[in-house]
Amino acid sequence: MINKAKLGVLVSGRGSNLQSIIDNIEKGKLNAEIAVVISDVKDAYVLERARKRNIKACFVNTKDFKNRGGFFDEIGKILRQNSVEYVILAGFMRIISLSLINAYKNRMLNIHPALLPSFPGLWVQKKALEYGVKYSGCTVHFVDEGCDTGPIILQAVVPVLDNDTEETLSQRILKEEHRIYPEAIDLVINGRVKIVGRRVIKKDTK
Ligand code: GAR
């Protein structure tokens, strides 16, 4: 059996994407282990979720650091101490420092609840509804120095229904997030994709 990839998961909130990763690992669909979960929010439900599964979970308080650089240096230290090979951003609501991005170049993934490059940033389901798009969805991408601009690994399309609210659209998108995030992680940790320019291509594609 090939060694399990060690994941470090960064989350700010409830962590339903983390849960889907855990479920896929437990079902044997993802050959990985979660070495550590880090949150920047003290009361984030994700910390409880992780501890219930005996996964190491840390809260890192931005207020303990003079600046953003110090905060991310601490996160980098925790990731190294736990031998993390891949960083998984799962609802982490901060822009990562350049030095941490570079330390995990092509080994840091993010999930975003819109079809990038449309609607980067925050409150994107609301923005999609207000804009009037007929389709939205979610995107898993490598993290680069921009905001939600890295090479796209997988996307899923979700139709916007006439009676959708921000809540109902978010829920339908989230269901697809739970499906494609583990799938994208699987592709990356098994070395089954290559990056050509901005394109992420499956190596077994003829
Ligand atoms: C997810 O919808 C994720 O795509 C989004 O936060 C939510 C976290 O939910 N991420 C972003 O908006 C990143 N900019 P979860 O905590 O239940 O996984």
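In this report, the structure presented in the accompanying data block is examined.

This next bit is on the site of the ligand. Taken together, the neighbourhood of the ligand is formed by Arg14, Gly15, Ser16, Asn17, Gly91, Met93, Ile111, His112, Pro113, Leu174 and Glu177. About the coverage of the ligand: the protein hides 90% of its 450 Å² of free accessible area. Elements with a contribution of two residues or more to the shell around the ligand: α1 (16-26), β5 (108-112) and α6 (166-189).

As enumerated under the stated definition, the model contains four aromatic pairs in all. Note on Phe71 and Phe72: the rings are 4.9 Å apart at their centroids and 75° apart in plane angle, and the pair reads as edge-to-face. Just as Phe71 is buried, Phe72 falls in that class too. The interplanar angle of 80° and the centroid separation of 6.4 Å between the aromatic rings of Phe72 and Phe92 together place this pair among those described as edge-to-face. Linking Phe72 in helix α3 (residues 68-81) with Phe92 in the loop between β4 (86-89) and α4 (98-103), this pair joins segments that are 20 residues apart in sequence. Judged on exposure class, the residue Phe72 and its partner Phe92 are both buried.

The next point concerns the pairing of β5. By the criterion of burial, β5 is predominantly enclosed, with five of the five residues buried. Burial of the side chains of β5 extends over both faces: Met108, Asn110 and His112 are buried on one face and Leu109 and Ile111 on the other. Crossover handedness for the path β4 to α4 to β5: right-handed. Pairing geometry for β5 and strand β6 (residues 135-142), over four bridges, is antiparallel. Opposite Leu109, over in β6, you have Phe142 as the bridge partner.

Contact pair α1 / α6: the axes reach a minimum separation of 9 Å and the direction vectors enclose 50°. Between α1 and α6, the angle is such that the two are oblique. In the crossing of α1 with α6, the sense of the turn from one axis to the other is right-handed. From α1, Ser16, Asn17, Ser20, Ile21 and Asn24 reach across to α6, where they touch Leu174, Glu177, His178, Tyr181, Pro182 and Ile185. By residue class, the composition of the contact of α1 with α6 is five nonpolar, five polar and one charged.

Reading the values: the criteria
- Residues numbered from 1 in each chain as written.
- Predicted model: local features only at pLDDT ≥ 70, side-chain atom pairs only at ≥ 80, totals over all residues.
- Heavy atoms only, no water.
- Near = heavy atom within 4 Å.
- Areas by Shrake-Rupley, 256 points an atom, 1.4 Å probe, with all protein chains shown as cover.
- Helix = DSSP H or I, 4+ residues; strand = E, 2+ residues; numbered from the N terminus.
- Phe/Tyr/Trp six-rings, centres within 6.5 Å; stacked < 30°, edge-to-face > 60°.
- Buried < 20%, exposed > 50% of the residue type's maximum accessible area, 1.4 Å probe, protein only.
- Right-handed = clockwise from strand over helix to strand, strands pointing away.
- Pairing = 2+ DSSP bridges.
- Axes fitted to C-alpha atoms, helices over the stretch in contact; angles between N-to-C directions.
- Parallel < 35°, antiparallel > 145°, perpendicular 65-115°, else oblique.
- Left-handed = near helix turned anticlockwise from the far one by under 90°.
- Contact = heavy atoms within 4.5 Å.
- Nonpolar A, V, L, I, M, F, W, Y, C, P; charged D, E, K, R; others polar.

The values reported here are purely geometric and, on their own, carry no functional implication.
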